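# Remarks on the overall topology
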Amino acid sequence: MRAVVFTGDRGLEMMEFPDPEPGPGEVVLRMKASGMCGSDLKFYRAPRGGRGGAGSLGLGGDGSPCIAGHEPCGIVAAVGPGVPENLAAVGRRVMVHHYKGCGVCNHCRTGWPQLCRAGIVVYGVTGNGGHAPYMKVPAGTLVPLPDELSFETGAAISCGTGTAYAALRRMNLSGKDTIAIFGQGPVGVSATQLARAMGARVIALDVAAERRALALRFGADEALDPQAGDPVQALRERTHGEGVDLALDCSGNPAARAAAVRATRTWGSACFVGEGDTVTLDVSQDLLRRQITVIGSWTFSTAGQAECARFIADRKIDVDALFSHRFTLDQAAEAYRLFDTQTTGKGVFLM
Ligand SMILES: [Zn+2]
Ligand SMILES: [Zn+2]
(Lines give C-alpha, C1' and ligand atoms only; values in the text may rest on other atoms or scores of the structure.)
(Ligands and ions follow the chains in the order given, each with its own letter.)
Protein backbone atom coordinates (compact mmCIF):
# COMPACT_ATOMS: atom_id res chain seq x y z
CA MET A 1 0.00 0.00 0.00
CA ARG A 2 1.00 3.64 -0.47
CA ALA A 3 0.85 5.97 2.52
CA VAL A 4 1.73 9.52 3.56
CA VAL A 5 5.02 10.19 5.40
CA PHE A 6 6.29 13.59 6.63
CA THR A 7 9.94 13.91 5.62
CA GLY A 8 10.71 17.20 7.44
CA ASP A 9 10.91 20.90 6.50
CA ARG A 10 7.33 20.76 5.10
CA GLY A 11 8.24 17.76 2.92
CA LEU A 12 5.85 14.88 2.40
CA GLU A 13 6.13 11.68 0.37
CA MET A 14 3.86 8.87 -0.68
CA MET A 15 5.90 5.82 0.37
CA GLU A 16 5.34 2.12 -0.28
CA PHE A 17 4.59 -0.08 2.78
CA PRO A 18 3.66 -3.77 3.00
CA ASP A 19 -0.08 -4.38 3.60
CA PRO A 20 -0.33 -4.89 7.41
CA GLU A 21 -1.25 -8.32 8.83
CA PRO A 22 -2.69 -8.54 12.37
CA GLY A 23 -0.54 -10.39 14.94
CA PRO A 24 -1.82 -11.74 18.27
CA GLY A 25 -4.06 -9.17 19.98
CA GLU A 26 -4.06 -6.90 16.95
CA VAL A 27 -6.55 -5.76 14.33
CA VAL A 28 -6.19 -4.23 10.88
CA LEU A 29 -8.58 -1.43 9.97
CA ARG A 30 -9.68 -0.45 6.51
CA MET A 31 -9.36 3.31 6.86
CA LYS A 32 -12.42 5.39 5.97
CA ALA A 33 -11.38 8.81 7.28
CA SER A 34 -8.13 10.22 8.64
CA GLY A 35 -8.20 13.77 9.97
CA MET A 36 -5.62 16.56 9.86
CA CYS A 37 -4.95 17.90 13.37
CA GLY A 38 -3.25 21.13 14.43
CA SER A 39 -0.35 19.24 15.98
CA ASP A 40 0.34 17.62 12.59
CA LEU A 41 1.71 21.01 11.56
CA LYS A 42 4.44 20.62 14.23
CA PHE A 43 5.45 17.30 12.69
CA TYR A 44 5.10 18.61 9.11
CA ARG A 45 7.25 21.68 9.84
CA ALA A 46 9.92 19.89 11.93
CA PRO A 47 13.45 20.12 10.50
CA ARG A 48 14.71 17.26 8.35
CA GLY A 49 16.83 14.73 10.27
CA GLY A 50 17.16 14.72 14.09
CA ARG A 51 14.23 13.49 16.15
CA GLY A 52 11.60 15.47 14.27
CA GLY A 53 8.52 17.12 15.76
CA ALA A 54 7.82 14.14 18.03
CA GLY A 55 11.17 14.66 19.80
CA SER A 56 10.52 18.38 20.26
CA LEU A 57 7.13 17.66 21.89
CA GLY A 58 8.55 14.98 24.21
CA LEU A 59 6.73 12.14 22.48
CA GLY A 60 9.78 9.91 21.98
CA GLY A 61 10.55 8.29 18.66
CA ASP A 62 13.87 8.15 16.86
CA GLY A 63 12.87 10.28 13.88
CA SER A 64 12.57 7.28 11.53
CA PRO A 65 9.79 7.63 8.93
CA CYS A 66 6.33 6.45 9.86
CA ILE A 67 2.89 6.91 8.35
CA ALA A 68 1.28 10.20 9.40
CA GLY A 69 -2.27 10.73 10.66
CA HIS A 70 -3.34 10.44 14.32
CA GLU A 71 -7.12 10.80 13.82
CA PRO A 72 -7.93 7.34 12.41
CA CYS A 73 -11.43 6.05 11.82
CA GLY A 74 -12.54 3.04 9.82
CA ILE A 75 -13.88 -0.51 9.73
CA VAL A 76 -12.31 -3.61 11.23
CA ALA A 77 -10.99 -5.59 8.24
CA ALA A 78 -9.01 -8.40 9.91
CA VAL A 79 -8.66 -9.65 13.49
CA GLY A 80 -5.55 -11.40 14.86
CA PRO A 81 -5.47 -14.42 17.19
CA GLY A 82 -6.67 -13.99 20.77
CA VAL A 83 -8.87 -10.91 20.24
CA PRO A 84 -12.23 -11.37 21.99
CA GLU A 85 -15.35 -10.84 19.84
CA ASN A 86 -16.67 -8.08 22.12
CA LEU A 87 -13.46 -6.08 21.56
CA ALA A 88 -13.27 -6.33 17.77
CA ALA A 89 -15.17 -8.08 15.02
CA VAL A 90 -14.80 -7.77 11.24
CA GLY A 91 -17.08 -5.06 9.87
CA ARG A 92 -17.38 -3.01 13.07
CA ARG A 93 -17.16 0.80 12.75
CA VAL A 94 -14.44 2.10 15.04
CA MET A 95 -12.21 4.99 16.04
CA VAL A 96 -8.66 4.52 17.33
CA HIS A 97 -7.40 5.89 20.65
CA HIS A 98 -4.07 6.65 19.06
CA TYR A 99 -1.63 5.56 21.80
CA LYS A 100 -0.08 2.31 23.00
CA GLY A 101 1.47 1.91 26.48
CA CYS A 102 2.63 -1.11 28.50
CA GLY A 103 -0.98 -2.19 29.12
CA VAL A 104 -0.51 -3.06 32.80
CA CYS A 105 0.38 0.14 34.73
CA ASN A 106 -2.32 2.20 36.41
CA HIS A 107 -2.32 4.80 33.62
CA CYS A 108 -2.83 2.14 30.95
CA ARG A 109 -5.48 0.37 33.02
CA THR A 110 -7.46 3.55 33.60
CA GLY A 111 -7.57 4.24 29.86
CA TRP A 112 -4.70 6.76 29.73
CA PRO A 113 -1.93 4.84 27.89
CA GLN A 114 -0.41 8.16 26.73
CA LEU A 115 0.66 8.74 30.37
CA CYS A 116 2.44 5.35 30.58
CA ARG A 117 6.02 5.74 31.76
CA ALA A 118 7.26 2.49 30.19
CA GLY A 119 7.48 4.21 26.78
CA ILE A 120 4.59 4.89 24.43
CA VAL A 121 3.76 4.64 20.75
CA VAL A 122 1.81 7.57 19.32
CA TYR A 123 0.16 6.36 16.13
CA GLY A 124 0.73 8.79 13.29
CA VAL A 125 3.75 10.26 15.12
CA THR A 126 6.06 7.47 16.36
CA GLY A 127 4.06 4.51 14.97
CA ASN A 128 2.27 4.05 11.63
CA GLY A 129 -0.90 6.16 11.54
CA GLY A 130 -4.06 6.65 9.56
CA HIS A 131 -3.02 8.42 6.33
CA ALA A 132 -3.04 5.02 4.61
CA PRO A 133 -5.50 2.52 3.14
CA TYR A 134 -4.95 0.16 6.11
CA MET A 135 -3.73 0.53 9.69
CA LYS A 136 -2.68 -2.08 12.27
CA VAL A 137 -3.36 -1.39 15.98
CA PRO A 138 -3.74 -3.35 19.24
CA ALA A 139 -7.41 -4.30 19.67
CA GLY A 140 -7.51 -2.42 23.00
CA THR A 141 -7.05 0.92 21.21
CA LEU A 142 -10.43 0.63 19.46
CA VAL A 143 -13.31 2.85 20.55
CA PRO A 144 -16.73 2.10 19.01
CA LEU A 145 -18.11 4.70 16.60
CA PRO A 146 -21.84 5.27 17.30
CA ASP A 147 -24.02 4.41 14.27
CA GLU A 148 -25.34 7.99 14.09
CA LEU A 149 -21.87 9.43 13.48
CA SER A 150 -20.00 9.62 10.17
CA PHE A 151 -16.43 8.38 9.76
CA GLU A 152 -15.33 12.02 9.38
CA THR A 153 -16.84 12.93 12.74
CA GLY A 154 -15.15 9.85 14.22
CA ALA A 155 -11.81 11.09 12.88
CA ALA A 156 -12.30 14.51 14.48
CA ILE A 157 -13.23 12.95 17.83
CA SER A 158 -10.04 10.84 17.66
CA CYS A 159 -7.92 13.91 18.42
CA GLY A 160 -8.96 17.52 17.80
CA THR A 161 -12.60 17.46 18.88
CA GLY A 162 -11.94 14.91 21.64
CA THR A 163 -9.18 17.14 23.01
CA ALA A 164 -11.54 20.12 23.08
CA TYR A 165 -14.24 18.09 24.84
CA ALA A 166 -11.82 16.73 27.45
CA ALA A 167 -10.47 20.22 28.22
CA LEU A 168 -13.99 21.60 28.77
CA ARG A 169 -14.76 18.67 31.08
CA ARG A 170 -11.50 19.20 33.02
CA MET A 171 -12.55 22.84 33.54
CA ASN A 172 -16.04 21.75 34.71
CA LEU A 173 -17.64 24.09 32.20
CA SER A 174 -21.32 24.75 32.87
CA GLY A 175 -24.09 26.78 31.31
CA LYS A 176 -23.50 29.70 33.69
CA ASP A 177 -19.92 30.22 32.51
CA THR A 178 -18.39 32.69 30.09
CA ILE A 179 -15.39 31.08 28.39
CA ALA A 180 -12.71 32.74 26.26
CA ILE A 181 -11.18 30.41 23.65
CA PHE A 182 -7.85 31.55 22.20
CA GLY A 183 -7.10 30.13 18.73
CA GLN A 184 -9.87 28.94 16.40
CA GLY A 185 -8.04 26.19 14.55
CA PRO A 186 -9.60 22.71 14.51
CA VAL A 187 -9.35 22.25 18.29
CA GLY A 188 -10.43 25.79 19.16
CA VAL A 189 -13.44 25.83 16.88
CA SER A 190 -14.47 22.42 18.26
CA ALA A 191 -14.22 23.87 21.75
CA THR A 192 -16.41 26.77 20.62
CA GLN A 193 -19.01 24.40 19.18
CA LEU A 194 -19.03 22.07 22.22
CA ALA A 195 -18.95 24.85 24.85
CA ARG A 196 -21.97 26.39 23.15
CA ALA A 197 -23.73 23.00 23.17
CA MET A 198 -23.00 22.78 26.92
CA GLY A 199 -24.77 26.13 27.35
CA ALA A 200 -21.84 28.47 27.95
CA ARG A 201 -21.34 31.99 26.60
CA VAL A 202 -18.35 31.79 24.24
CA ILE A 203 -15.94 34.57 23.29
CA ALA A 204 -13.60 33.31 20.56
CA LEU A 205 -10.25 34.91 19.67
CA ASP A 206 -8.10 34.45 16.57
CA VAL A 207 -5.71 36.62 14.56
CA ALA A 208 -7.15 35.32 11.25
CA ALA A 209 -10.39 36.95 10.03
CA GLU A 210 -11.39 33.68 8.29
CA ARG A 211 -11.18 31.82 11.57
CA ARG A 212 -13.12 34.50 13.49
CA ALA A 213 -15.89 34.13 10.91
CA LEU A 214 -15.74 30.35 11.37
CA ALA A 215 -16.04 30.70 15.16
CA LEU A 216 -19.20 32.80 14.77
CA ARG A 217 -20.68 30.15 12.46
CA PHE A 218 -19.99 27.51 15.12
CA GLY A 219 -21.83 29.37 17.86
CA ALA A 220 -19.42 31.90 19.38
CA ASP A 221 -21.31 34.86 20.86
CA GLU A 222 -18.46 37.13 19.79
CA ALA A 223 -15.17 36.75 17.95
CA LEU A 224 -12.29 39.12 18.77
CA ASP A 225 -9.00 39.88 17.04
CA PRO A 226 -6.37 39.71 19.81
CA GLN A 227 -4.10 42.00 17.77
CA ALA A 228 -6.72 44.77 17.51
CA GLY A 229 -5.99 45.93 21.07
CA ASP A 230 -5.37 44.43 24.50
CA PRO A 231 -7.36 41.15 24.57
CA VAL A 232 -7.31 41.07 28.40
CA GLN A 233 -8.91 44.51 28.54
CA ALA A 234 -11.44 43.51 25.86
CA LEU A 235 -12.47 40.39 27.80
CA ARG A 236 -12.78 42.30 31.10
CA GLU A 237 -14.97 44.91 29.42
CA ARG A 238 -17.31 42.13 28.32
CA THR A 239 -17.52 40.56 31.80
CA HIS A 240 -18.38 43.57 34.02
CA GLY A 241 -14.69 44.12 34.73
CA GLU A 242 -14.30 40.70 36.38
CA GLY A 243 -12.72 38.62 33.63
CA VAL A 244 -13.98 35.36 32.14
CA ASP A 245 -14.87 32.37 34.30
CA LEU A 246 -12.76 30.08 32.14
CA ALA A 247 -10.10 30.60 29.48
CA LEU A 248 -8.81 27.95 27.10
CA ASP A 249 -5.68 28.34 25.00
CA CYS A 250 -5.74 26.25 21.82
CA SER A 251 -3.13 28.36 20.01
CA GLY A 252 0.11 27.41 21.73
CA ASN A 253 1.17 31.06 21.38
CA PRO A 254 3.06 32.43 24.43
CA ALA A 255 1.26 35.81 24.37
CA ALA A 256 -2.13 34.12 24.02
CA ARG A 257 -1.39 31.84 26.98
CA ALA A 258 -0.43 34.79 29.19
CA ALA A 259 -3.52 36.71 28.06
CA ALA A 260 -5.71 33.67 28.80
CA VAL A 261 -4.46 33.57 32.41
CA ARG A 262 -4.71 37.36 32.89
CA ALA A 263 -8.23 37.51 31.42
CA THR A 264 -9.45 34.82 33.85
CA ARG A 265 -11.40 36.19 36.81
CA THR A 266 -10.52 35.63 40.47
CA TRP A 267 -11.11 31.92 41.38
CA GLY A 268 -11.37 31.08 37.67
CA SER A 269 -9.48 28.44 35.64
CA ALA A 270 -7.25 28.71 32.60
CA CYS A 271 -6.45 25.62 30.57
CA PHE A 272 -3.69 25.02 28.01
CA VAL A 273 -4.08 22.46 25.21
CA GLY A 274 -1.98 24.10 22.44
CA GLU A 275 1.34 22.26 22.04
CA GLY A 276 4.95 23.49 22.14
CA ASP A 277 6.64 26.77 23.12
CA THR A 278 6.53 28.46 26.55
CA VAL A 279 4.72 31.07 28.64
CA THR A 280 5.97 33.77 31.04
CA LEU A 281 3.73 34.73 33.97
CA ASP A 282 4.10 37.01 36.97
CA VAL A 283 3.26 34.36 39.56
CA SER A 284 2.15 36.66 42.37
CA GLN A 285 0.06 39.05 40.28
CA ASP A 286 -1.25 36.65 37.63
CA LEU A 287 -1.88 33.56 39.75
CA LEU A 288 -1.61 33.86 43.55
CA ARG A 289 -3.41 37.17 44.17
CA ARG A 290 -6.37 35.96 42.13
CA GLN A 291 -6.51 32.26 43.19
CA ILE A 292 -6.18 31.08 39.58
CA THR A 293 -6.18 27.39 38.67
CA VAL A 294 -4.02 26.53 35.65
CA ILE A 295 -4.74 23.21 33.95
CA GLY A 296 -2.59 21.39 31.40
CA SER A 297 -4.80 19.03 29.40
CA TRP A 298 -3.41 16.45 26.98
CA THR A 299 -6.02 14.70 24.83
CA PHE A 300 -8.36 12.22 26.61
CA SER A 301 -8.76 8.66 27.89
CA THR A 302 -10.33 5.78 25.96
CA ALA A 303 -13.49 6.23 28.07
CA GLY A 304 -13.36 9.99 27.48
CA GLN A 305 -13.23 9.43 23.73
CA ALA A 306 -16.32 7.21 23.91
CA GLU A 307 -18.09 9.78 26.14
CA CYS A 308 -17.32 12.58 23.66
CA ALA A 309 -18.75 10.49 20.79
CA ARG A 310 -21.91 9.77 22.80
CA PHE A 311 -22.36 13.47 23.68
CA ILE A 312 -22.01 14.50 20.03
CA ALA A 313 -24.42 11.81 18.83
CA ASP A 314 -27.04 12.51 21.52
CA ARG A 315 -26.92 16.30 21.05
CA LYS A 316 -26.84 15.93 17.24
CA ILE A 317 -23.82 18.24 17.01
CA ASP A 318 -22.77 18.80 13.41
CA VAL A 319 -19.06 17.95 13.68
CA ASP A 320 -18.91 17.20 9.92
CA ALA A 321 -19.36 20.93 9.37
CA LEU A 322 -15.87 21.51 10.84
CA PHE A 323 -14.39 20.05 7.67
CA SER A 324 -13.85 22.68 5.00
CA HIS A 325 -11.65 20.41 2.87
CA ARG A 326 -11.85 16.73 1.90
CA PHE A 327 -8.96 15.03 0.10
CA THR A 328 -7.76 11.71 -1.26
CA LEU A 329 -4.37 10.44 -0.05
CA ASP A 330 -2.84 11.32 -3.43
CA GLN A 331 -3.65 14.99 -2.71
CA ALA A 332 -1.69 14.98 0.58
CA ALA A 333 1.02 17.44 -0.52
CA GLU A 334 -1.59 19.99 -1.61
CA ALA A 335 -3.68 19.31 1.51
CA TYR A 336 -0.86 20.09 3.95
CA ARG A 337 0.32 23.12 1.93
CA LEU A 338 -3.15 24.57 2.37
CA PHE A 339 -3.50 23.56 6.06
CA ASP A 340 -0.09 25.18 6.72
CA THR A 341 -1.63 28.61 5.98
CA GLN A 342 -3.73 28.22 9.20
CA THR A 343 -6.65 30.05 7.66
CA THR A 344 -8.92 27.12 6.74
CA GLY A 345 -11.34 24.86 8.54
CA LYS A 346 -10.36 21.27 9.21
CA GLY A 347 -9.16 18.87 6.51
CA VAL A 348 -9.71 15.13 6.23
CA PHE A 349 -8.59 12.32 3.95
CA LEU A 350 -11.38 9.99 2.83
CA MET A 351 -10.63 6.51 1.56
ZN1 LIG B 1 1.52 1.51 31.04
ZN1 LIG C 1 -3.95 15.87 17.41
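So, here is what we can say about the structure in this document. (Residues numbered from 1 in each chain as written. Chains lettered and ligands numbered in written order. Predicted model: local features only at pLDDT ≥ 70, side-chain atom pairs only at ≥ 80, totals over all residues. Heavy atoms only, no water.)

Here we come to the pairing of strand β16 (residues 323-327). One ladder, built from four bridges, connects β16 with strand β17 (residues 346-350); its direction is parallel. Residue pairing in the sheet places R326 in a bridge with V348 of β17. What joins β16 to β17 is helix α12 (residues 332-339), and the crossover it makes is right-handed. (Pairing = 2+ DSSP bridges. Helix = DSSP H or I, 4+ residues; strand = E, 2+ residues; numbered from the N terminus. Right-handed = clockwise from strand over helix to strand, strands pointing away.)

What follows covers the packing of aromatic side chains. For the structure shown, the criterion picks out eight aromatic pairs. Relative to F349, the ring of F327 lies with its centre 5.9 Å away and its plane at 45°, an arrangement referred to as tilted. In this pair, F327 is assigned in strand β16 and F349 in strand β17, connecting sequence segments 22 residues apart. Both residues of the pair, F327 and F349, count as buried. Ring geometry for Y336 and F339: centres 6.4 Å apart, planes at 70°, overall edge-to-face. Taken as a pair, Y336 and F339 lie in helix α12 at a separation of three residues, close to a single helical turn. We classify Y336 as buried; its relative accessible area is 0%. A connected cluster of aromatic rings, assembled from ring pairs, spans F6, Y44, F327, Y336, F339 and F349. Lying across the ring of F151, R93 places its NZ or CZ 4.6 Å from the centre. Of note, R257 hangs over the ring of F272, and the distance from its end group to the ring centre comes to 5.8 Å. (Phe/Tyr/Trp six-rings, centres within 6.5 Å; stacked < 30°, edge-to-face > 60°. Buried < 20%, exposed > 50% of the residue type's maximum accessible area, 1.4 Å probe, protein only. Lys NZ or Arg CZ within 6 Å of the ring centre and 35° of its normal.)

Protein-derived ligands of the zinc ion (ligand 2) are C37 (SG), H70 (NE2) and C159 (SG), with the metal-ligand distances lying across 2.0 to 2.3 Å. Considered as a linear motif, the donors of the zinc ion (ligand 2) on their single chain read C-x32-H-x88-C. Here C159 lies in the loop between α4 (151-157) and α5 (160-170) and C37 lies in the loop between β3 (26-35) and α1 (40-45), a separation of 122 residues in the sequence. Classification of C159 by relative accessible area gives buried; the value is 6%. (Donors = N, O, S within 2.8 Å, 3.2 Å for Na, K, Ca; no water.)

Our focus in this paragraph is the nonpolar core. Counting residues in hydrophobic clusters, the biggest one holds 48 residues, and the most contacted among them are L168, I179, L248 and I312. Counting 21 residues, the second-largest nonpolar core is a separate cluster that includes F6, A54, L329 and F339. (Core = buried A, V, L, I, M, F, W, Y, C linked by side-chain atoms within 4.5 Å.)

With distances of 2.3 to 2.4 Å, the protein atoms coordinating the zinc ion (ligand 1) are C102 (SG), C105 (SG), C108 (SG) and C116 (SG). Around the zinc ion (ligand 1) sit four donor atoms, and with donor-metal-donor angles ranging over 103 to 116° the site reads as tetrahedral. Mapping the donors of the zinc ion (ligand 1) onto the primary sequence gives the spacing C-x2-C-x2-C-x7-C. (Tetrahedral: all angles 85-135°; square planar, octahedral: opposite > 155°, others 65-115°.)

So, about the packing of α5 against helix α6 (residues 186-197). Two elements in contact, α5 and α6, have axes separated by 8 Å at closest approach and are oriented at 55°. By the criterion of interaxial angle, the relationship of α5 to α6 is oblique. α5 and α6 meet at a crossing whose hand is right-handed. Residues G160, T161, T163, A164, Y165 and L168 of α5 form the contact with α6, whose participating residues are V187, S190, A191, L194 and A195. For the contact of α5 with α6, the class distribution of residues is seven nonpolar, four polar and no charged. (Axes fitted to C-alpha atoms, helices over the stretch in contact; angles between N-to-C directions. Parallel < 35°, antiparallel > 145°, perpendicular 65-115°, else oblique. Left-handed = near helix turned anticlockwise from the far one by under 90°. Contact = heavy atoms within 4.5 Å. Nonpolar A, V, L, I, M, F, W, Y, C, P; charged D, E, K, R; others polar.)

Turning to the sheet that holds strand β12 (residues 222-224), a few remarks are in order. Judged by pairing direction, the sheet is parallel, and its six strands sit side by side in the order β12-β11-β10-β13-β14-β15 without closing on themselves. With partners counted over all chains shown, the strands left at the sheet margins are β12 and β15 (293-296), one partner each. Between one strand axis and the next, the sheet turns through 20° on average, direction left out of account. Across the face of the sheet, helix α9 (residues 254-262) comes into contact with β10 (178-182), β13 (244-249), β14 (264-272) and β15 while running at roughly 150° to β14.

Within the fold, D286 resides in helix α10 (residues 283-287). In this structure D286 touches V261, R262, L281 and I292, once residues within four positions along its chain are discounted.

This next bit is on the environment of D318. Structurally, D318 can be placed in the loop between α11 (302-314) and β16. Of the residues examined, D318 reaches a relative accessible area of 46% and is grouped as partly exposed. Along the primary structure D318 and F218 are separated by 100 residues, whereas in three dimensions their C-alpha atoms are 9.3 Å apart. If near-sequence neighbours (up to four positions away) are discounted, D318 is found in contact with Q193 and F218.

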